[in-house]
Amino acid sequence: MAEAAQTLRLEGVRKSYNTGTPLETEVLHGIDLVLARGEFAALIGPSGSGKSTLLNVIGLLDPPNAGRLFIEGREAGKLDDGEMTRLRGRAIGFVFQYHYLLPAFTALENVMMPALAARGRPDDEMRATAAGLLEEVGLARWRDKKTGELSGGQQQRVAVARALAMKPALVLADEPTGNLDTQSADGVFELLRSVNEASGTTFLIVTHDPRLAQRCDRIVELVDGRIVADRPNVAPSRGPRTASWSP
Amino acid sequence: MNRFAPFEWIAAARFMREGLAQTLLIVLGVALGVGVIVFMSALIAGLQSNIIRRTLNYMAPIEIVPPEQVARPQRGGQPGSVAALVQPRSQQLRSIDQWQKVLAAVERTPGVVAVTPIVAGPGFALRGDANKAVNITGIDTESYLRVIGLADKIVAGRLLLGTSDIVIGIELAKDLGAGVGDKLRLTTAGGAAETLTVAALFDFGNKGVNERNVYIALRTAQNLLDLVGGVSSIEIKVEDPFAAETIAQDIQAQTGLEADSWIKTNAQFFTAMAAQSLSNTLIRFFVGLTAALGIASVLVVSVVQKSKEIGILRAMGASRGQVLRLFLLQGAFMGLVGSLLGCGLGMAFLAAWRGVARNPDGTPIFVIVVEPKLFVMAALGATLVGTLAAVIPARRAARLDPAVAIRG
């Protein structure tokens, strides 16, 4: 696979906590993973298998202890803190399990936030982009509401719009539907899928839910900090789920 | 969202608005502190300048006198012998050598505003049966008035000193039973005497001065005190009364004469004032410290409360510097707004004080002049203190590991 087509490459990534103390625990034991541009992959595994840790390492929130990490061909380990922050802001979008919106700001302002942090001052283009994204996620009417006034599903949609604000190459979603009822969860998942299909943005979605994983193009399974299975999902299931499911 | 405001300003404003009760309480705290500082500073400055003004009413900031005469024992005889006892010389009234030259030199000294020659010595004022000891001061009216505000203190008659005129205080006038136009006799220990006409009465608001000081023309005093052509001292007015000692030392080095500043001659008074200033400084320091600790504690709590949001901001590409500035700005803002309110509060305190601190006749006990500089300094100081107080919380926020912050 040509490097240019790779959004993400991990080579032997290890991550430990409490390093240098008797409590040192290695959570990730040499992860190798490549995500091609436009992939829509699920990361599954039992609780405590290291999924969130891996996502934080990939998201440049938590540096690995060993191994190499490339985002769009740039090796993250060679960047200083400022460059890392810029790369994170520009190339990676996050959707967390809990929406993590800033309650002091409106929906529109939350979506503008990554661009605002990157460019320093609000401008019309930023505003227009954010408004467009909110429209895409079906929240144009709620753009001037404080996030506390929105429903759980709406908040998560705002979070998705925010994740897309910088047109990132890679969106990392950590249980993006974990806190939502079935209907809202379906809506948010479909939203991610449609963004992926429309813009070719690469997605890596951590989920507990096998049904949700079945709807992705590829399923990576992590157990005890090791990738034990990595298979393409040849016939991803489509359409809204009907079975009831709770996290 | 203001389109001109940078990211940090917008976020700082929103964070403060979100914790409005906290923000208001601490701003109020800072305002009270600044109000107290403004009030105390204005009060003490007013008090001190009032005392200084009253003192310098009848006293020049610097006085040049001839060097003291010293005994010069004639030693001889046995080599190595030492005089065991040297009796100090009695001091006679002497003139300053070449005083015109000294006067001209002193006038050119930086910081000096005006100089005037004085002939001063002891004497007696007689009228009828009354006989009062007085300090005779012979003055050159024109230059003297540039040094001492005698003209403002005249309560009767006119300050025109001819060779046979005398200006006396209201107390002495009472003691002698003399008024403007009356004659009195001035004698000195040396036996010289002169009959003079009371030209004017003064009131310095100080009984001792009103009782003791008499002013006559320089020439008359020279004759009476047997100092023809000479002067016994030179009085000097300076721009900054507090620089008097430094200027006095300059003059002393330059002329070789003894120059006494009012700071030296009123050492005790100055010690008291210095103690007052020190206590004022201490109060300011502790009030400032209290305000700083208040701001710091509010922000430390805010960093803990907002750690998740800080983590999110960092995850979305906000730099450590942006997070740092976001909290520094909050500290600066609280300091600035608090100090602006505090200036108003200080003014209100002062207005209340002016209403209370009045003489029985309704005039203020002393005048408090509030300089705009005080407000500017208070506002700048509080903003600086607020920013500094925010340094520790801001650094803590900037150092937050986004992954850890989001995990909570």
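### Looking at the overall build of chain B
Turning to step 1, where the next piece is worked out: For chain B, the count of helices and strands is 14 helices and 10 strands.
Turning to step 2, where the next piece is worked out: Burial status across chain B gives 38% buried among its 408 residues.
Turning to step 3, where the next piece is worked out: A sequence separation of at least 24 residues applies to 80% of the contacts in chain B between residues at least 6 apart.

### Observations concerning the overall build of chain A
Turning to step 1, where the next piece is worked out: The secondary structure content of chain A amounts to 7 helices and 10 strands.
Turning to step 2, where the next piece is worked out: The proportion of buried residues among the 247 residues of chain A is 49%.
Turning to step 3, where the next piece is worked out: Considering only contacts in chain A between residues 6 or more positions apart, those separated by 24 or more positions represent 69%.

### Some thoughts on the nonpolar core
Turning to step 1, where the next piece is worked out: Leu43(A), Val111(A), Val160(A) and Ile295(B) are the most contacted members of the largest nonpolar core, which totals 129 residues.
Turning to step 2, where the next piece is worked out: With 12 residues, the single largest contributor to this core is helix α12 (residues 320-356) of chain B.
Turning to step 3, where the next piece is worked out: Once residues lying within four places of it in the same chain are set aside, the contact partners of Ile295(B) are Ile26(B), Val30(B), Gly331(B), Met334(B), Gly335(B), Gly386(B), Ala389(B) and Ala390(B).
Turning to step 4, where the next piece is worked out: Judged by nonpolar contacts, the second largest core, of 54 residues, contains Ala178(B), Val214(B), Leu224(B) and Trp262(B).

### Notes on the pairing of strand β7 (residues 170-174) of chain A
Residues and elements named next belong to chain A.
Turning to step 1, where the next piece is worked out: Most of β7 sits out of view: 5 of its 5 residues are buried.
Turning to step 2, where the next piece is worked out: By the alternation rule, side chains of β7 split into Leu170, Leu172 and Asp174 and Val171 and Ala173, which are all buried.
Turning to step 3, where the next piece is worked out: Judged from the 4 bridges that link them, strand β6 (residues 92-95) and β7 form a sheet pairing that is parallel. Looking at the pairing, phenylalanine 94 lines up with leucine 172 of β7.
Turning to step 4, where the next piece is worked out: Crossover handedness for the path β7 to helix α6 (residues 182-199) to strand β8 (residues 202-206): right-handed.

### Thoughts on helix α3 (residues 99-107) of chain B
Residues and elements named next belong to chain B.
Turning to step 1, where the next piece is worked out: Burial in α3 covers these residues: Trp99, Val102 and Val106. For α3, the buried positions fall inside an angular range of 55 degrees around the axis, keeping them on one side. In α3, the exposed positions that point more than 90 degrees away from the buried face belong to Gln100, Lys101 and Ala104.
Turning to step 2, where the next piece is worked out: Its buried side turned inward, α3 meets β1 (62-65), β2 (112-127), β9 (233-238) and α8 (244-255).

### A few points about the interface of chain B and chain A
Turning to step 1, where the next piece is worked out: Facing the 22 residues of chain B at the interface are 26 residues of chain A.
Turning to step 2, where the next piece is worked out: Listed by contribution, the elements that provide at least two residues to the side of chain B that touches chain A are α1 (7-18), α11 (307-315), α12 and α14 (402-407) of chain B.
Turning to step 3, where the next piece is worked out: Per-class residue counts for the side of chain B that touches chain A are 12 nonpolar, 3 polar and 7 charged.

### Examining the sheet that holds strand β2 (residues 25-36) of chain A
Residue and element names in this part refer to chain A.
Turning to step 1, where the next piece is worked out: Spatial ordering of the open sheet is given by β2-β1-β4-β5, a layout of 4 strands whose pairing is antiparallel. A single partner strand is all that each edge strand has here, and the edge strands are β2 and β5 (74-75).
Turning to step 2, where the next piece is worked out: As paired elements, strand β4 (residues 66-71) and β5 share 2 bridges and run antiparallel to each other. Its bridge partner lying in β5, phenylalanine 70 is registered against glutamate 75.

### A short note on helix α10 (residues 267-305) of chain B
Turning to step 1, where the next piece is worked out: With 39 residues, α10(B) should cover 57 Å at 1.5 Å per step; its first-to-last C-alpha distance of 56 Å lies within 8% of that length.
Turning to step 2, where the next piece is worked out: Considering only its buried residues, α10(B) is in contact with α1, α2 (20-57), α11, α12 and α13 (372-399) of chain B.

### Some points on the sheet that holds strand β10 (residues 226-232) of chain A
All names here are of chain A.
Turning to step 1, where the next piece is worked out: Taking strand neighbours across the sheet as the criterion, the 6 strands line up as β6-β7-β8-β3-β9-β10 in an open arrangement whose pairing is mixed. A single partner strand is all that each edge strand has here, and the edge strands are β6 and β10. Strand-to-strand twist of the sheet, defined as the mean angle between neighbouring strand axes without regard to direction, takes the value 15 degrees.
Turning to step 2, where the next piece is worked out: Here strand β9 (residues 218-223) runs beside β10; their pairing, made up of 6 bridges, is antiparallel. The residue of β10 that forms the bridge with leucine 222 is isoleucine 227.

### Here we look at the environment of Ser232(B)
Residues and elements named next belong to chain B.
Turning to step 1, where the next piece is worked out: With respect to the helices, strands and loops of the structure, serine 232 is situated in the loop between α7 (218-224) and β9.
Turning to step 2, where the next piece is worked out: Judged by the 24 C-beta atoms lying within 10 Å of it, serine 232 is buried.
Turning to step 3, where the next piece is worked out: Considering only alpha carbons, one finds serine 232 and glycine 138, 94 residues apart in sequence, at a separation of 9.5 Å.
Turning to step 4, where the next piece is worked out: In contact with serine 232, not counting residues within four places along its chain, are Leu93, Ser95, Ile118, Val119, Ala120, Gly121 and Leu227.

### Focus on unusual backbone geometry
Turning to step 1, where the next piece is worked out: For Glu72(A), which is not a glycine, the phi torsion comes out positive at approximately 50 degrees.
Turning to step 2, where the next piece is worked out: For Glu72(A), the location among the structural elements is in the loop between β4 and β5.
Turning to step 3, where the next piece is worked out: Despite not being glycine, Asp226(B) has its phi angle at roughly 60 degrees, a positive value.
Turning to step 4, where the next piece is worked out: In this structure, Asp226(B) sits in the loop between α7 and β9.
Turning to step 5, where the next piece is worked out: The partly exposed category is assigned to Asp226(B), around which 14 C-beta atoms lie within 10 Å.

### With respect to the packing of α10(B) against α13(B)
Residues and elements named next belong to chain B.
Turning to step 1, where the next piece is worked out: Relative to each other, α10 and α13 sit at 30 degrees, their axes nearing to 8 Å. Compared by their axis directions, α10 and α13 come out roughly parallel. Seen from above, α10 lies across α13 with right-handed handedness. Residues Gly288, Ala291, Ala292, Ile295, Ala296, Leu299, Val300 and Val303 of α10 form the contact with α13, whose participating residues are Ala382, Val385, Gly386, Leu388, Ala389, Ala390, Ile392, Pro393, Arg396 and Ala397.
Turning to step 2, where the next piece is worked out: Of the residues contributing to the contact of α10 with α13, the split by class is 15 nonpolar, 2 polar and 1 charged.

### Considerations on the packing of helix α3 (residues 107-119) of chain A against helix α4 (residues 124-136) of chain A
Residues and elements named next belong to chain A.
Turning to step 1, where the next piece is worked out: Contact geometry for α3 and α4: axes closest at 9 Å, N-to-C directions at 125 degrees. Between α3 and α4, the interaxial angle falls into the category oblique. In the packing of α3 onto α4, the handedness of the crossing is right-handed. Every residue of α4 that contacts α3 at Ala107, Leu108, Val111, Met112, Ala115 and Leu116 is listed here: Met126, Arg127, Thr129, Ala130, Ala131, Leu133 and Leu134.
Turning to step 2, where the next piece is worked out: Per-class residue counts for the contact of α3 with α4 are 11 nonpolar, 1 polar and 1 charged.

### A closer look at the confidence of the model for chain A
Turning to step 1, where the next piece is worked out: Counting all residues, the mean pLDDT for chain A is 86, and 94% of those residues have values of 70 or more.
Turning to step 2, where the next piece is worked out: Low pLDDT (under 50) marks residues 241-247 of chain A, which in the prediction has 10 contacts with non-local residues, meaning those over four places away or in another chain.

Calculation criteria
Residues numbered from 1 in each chain as written. Chains lettered and ligands numbered in written order. Predicted model: local features only at pLDDT ≥ 70, side-chain atom pairs only at ≥ 80, totals over all residues. Helix = DSSP H or I, 4+ residues; strand = E, 2+ residues; numbered from the N terminus. Buried ≥ 20, exposed ≤ 12 C-beta atoms within 10 Å, placed from the backbone. Contact = placed C-beta atoms within 7 Å. Core = buried A, V, L, I, M, F, W, Y, C linked by C-beta atoms within 7 Å. Pairing = 2+ DSSP bridges. Right-handed = clockwise from strand over helix to strand, strands pointing away. Arc of directions from axis to C-beta. Nonpolar A, V, L, I, M, F, W, Y, C, P; charged D, E, K, R; others polar. Expected span 1.5 Å × (residues − 1). Axes fitted to C-alpha atoms, helices over the stretch in contact; angles between N-to-C directions. Parallel < 35°, antiparallel > 145°, perpendicular 65-115°, else oblique. Left-handed = near helix turned anticlockwise from the far one by under 90°. pLDDT = per-residue confidence, 0-100.

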